[in-house]
Amino acid sequence: MKGLPLGIQDFRKLREENLLYIDKTEDIYRLIRSGYYYFLSRPRRFGKSLLLSTLKEIFLGSRELFEGLWIEDKIEWAKHPVVHIPFNAIGYKDLGLERAIERELDAIAGSYELRLESEGISGKFRELLEKLASKGKKVVLLIDEYDKPIVDYIDDIETADQQRDILKNFYSIIKSADSYLRFFLVTGVSKFSKVSLFSDLNNLEDITLIRKYATLTGYTQEELEHYFAGRIALLAEMENTSPAELKKKIAEWYDGYSWDGKRRVYNPFSVLSFFSGEQFLNFWWQTGTPSFLIKLLRKGMHYHLEEVEGGQDLFESYTLDNLEYRSLLFQTGYLTIHSVEPYGLYSLGYPNKEVRDSMYRHLLGAFRHAPTADTQPLIVKIKKALDARDLDRFIQLVDILFETLPYQIFIEDREAFFHAILHIALNATGMFVETEVSTSKGRVDAVIHSDDAIYVMEFKLDESADEALRQIRRQRYGSKYLGREKEVLALGINFSSKQKAVAEWKAMPYKELLAEG
């Protein structure tokens, strides 16, 4: 089996070292043949850099690197000058953005034995394109992570605006350089800067949500099964399971991303990390989550993220000083398109277990004002307690949930924080949890399906556990779950806002509770 290209974003290195390459060249061919100016937004670690590196080698005429790939005999291998600017690697934090861009342009010019005489980044950029095109072939322009110098300062609006102004000046010459360009692709995570930075480029086609490019990055199910068949068979044998069951679990963890609501792809970084480490781990968690995103969610009390709806303007509807949390979650990969309904209504939700778990850990830490690293052990203990029907322990853990929350913050909005923390913690267990479930007679706070029981829970704030149980009985919250193999248990919990802890709780079989009425 070929080696795994984990962390390798250079197509030439990948091919020369005979590493595994999932052949995307048919999709790339379609892109090259269909147009000239493109914009593509995808989450981090999703293959954008490898895509641009592959395009670079195609336009450099490096046919030898494409031996055995779909595109090998489909194009004429002409050599074009290529300007490839990866903003994640030009050192703008150390040098300052303008100086870093200048240095990058000079380096590209030097690689073509050119010397740039112009002053300023826009002048140098135009001169570079003009001189390269004058050699006979039009220029291919590839810009990777175009928004990174802005996104890195998104919680510092003043600096972010300064970075945006510098980039706008830099990109401003592209429209007037049209006669020099053969092909242009710009990629990034966000779309919020695209409009302001490329407002003059009327012919820049945004392919982020275009169906025929939905699998341009990421791995399809067919690609997973074809390119990783040997590894799947070996791992299934190691785990004493069938290949079919292993594939089902891989999909649960790492599949589910969609940009058209129909075709779904795996996160390539997570898949490669899984096969490299040969165990199911949360690799998304390890790549980091922007702190500003979690702060935004906590500030707006946004934690119901299992199903989010919006129109197409949802994907375009925020600016630096007015961040729309749903758009931000979609573009950073925490939400994906589950379906597209008639009249342009989009349904968004978590793509998979890996992302869902990552978000709940971050949210629970943020809402509790506790270190994120402390949340996972607590979540595991809550699950174990419910699976073991150890409700004394479960209540102790509920108290621990609220220990780190500053009293003043809690008391100012106690109802909201109370429900938010319980909702996040219960969903974070990974068990099947229904929260705020609507019935014909009302809405129950939570229904949790453990290994051998179904807990119907009602939470009260500064009332009584008896009142919580009476409401469960009166509204028949658990009746729809009767007749199943699992026993249905009613659990009423009264929380004291003054003590910031559970004041009392009572539990009993749901059938016995009904008999009391």
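This is a predicted model, so every value here is computed, not measured.

**Student:** Hey, could you run me through the pattern of salt bridges in this one?
**Tutor:** Between side chains of opposite charge, a pair can form as their charged atoms come close. A full pass over the atoms with the stated rule returns 27 salt bridges. In this structure, Glu64 and Arg12 form a salt bridge, with 3.8 Å as the shortest nitrogen-oxygen distance. Within this pair, whereas Glu64 is found in the loop between helix H3 (48-59) and strand E2 (82-86), its partner Arg12 is found in helix H1 (residues 11-16), the two being separated by 52 residues in sequence. On the accessibility criterion, Glu64 (53% relative accessible area) is exposed. Residue classification places Arg12 among the partly exposed residues on the basis of a relative accessible area of 28%. Residue Asp161 is joined to Arg164 by a salt bridge in which the shortest nitrogen-to-oxygen separation is 2.7 Å.

**Student:** Quick question: what am I supposed to make of the pairing of strand E12 (residues 487-496) here?
**Tutor:** Within a regular strand, side chains alternate between the sheet's two faces. The buried fraction of E12 amounts to 9 of the 10 residues, a majority that puts the element mostly inside the structure. Pairing analysis gives 9 bridges linking strand E11 (residues 453-461) to E12, with the strands arranged parallel. Along E12, the bridge assignment pairs Tyr455 with Leu489. Handedness of the crossover joining E11 and E12 through helix H22 (residues 465-474) is recorded here as right-handed. Note: E12 against strand E13 (residues 501-509), 8 bridges, orientation antiparallel.

**Student:** So what exactly am I meant to see when it comes to the sheet that holds strand E6 (residues 308-310) here?
**Tutor:** The pairing of strands in a sheet comes from backbone hydrogen bonds and takes either a parallel or an antiparallel form. One open sheet holds the 3 strands; their spatial order is E6-E8-E7, and the pairing between them is antiparallel. Strands at the two margins of the open sheet, each flanked by one partner only, are E6 and strand E7 (336-341). Each adjacent strand pair in this sheet contributes to an overall mean axis angle of 25°, direction not counted. Pairing of E6 with strand E8 (residues 345-349), which is carried by 3 bridges, proceeds in the antiparallel orientation. What sits directly across from Glu309, in E8, is Ser347.

Criteria and thresholds
Residues numbered from 1 in each chain as written. Predicted model: local features only at pLDDT ≥ 70, side-chain atom pairs only at ≥ 80, totals over all residues. Heavy atoms only, no water. Salt bridge = Lys/Arg side-chain N within 4 Å of Asp/Glu carboxyl O. Helix = DSSP H or I, 4+ residues; strand = E, 2+ residues; numbered from the N terminus. Buried < 20%, exposed > 50% of the residue type's maximum accessible area, 1.4 Å probe, protein only. Pairing = 2+ DSSP bridges. Right-handed = clockwise from strand over helix to strand, strands pointing away. Axes fitted to C-alpha atoms, helices over the stretch in contact; angles between N-to-C directions.

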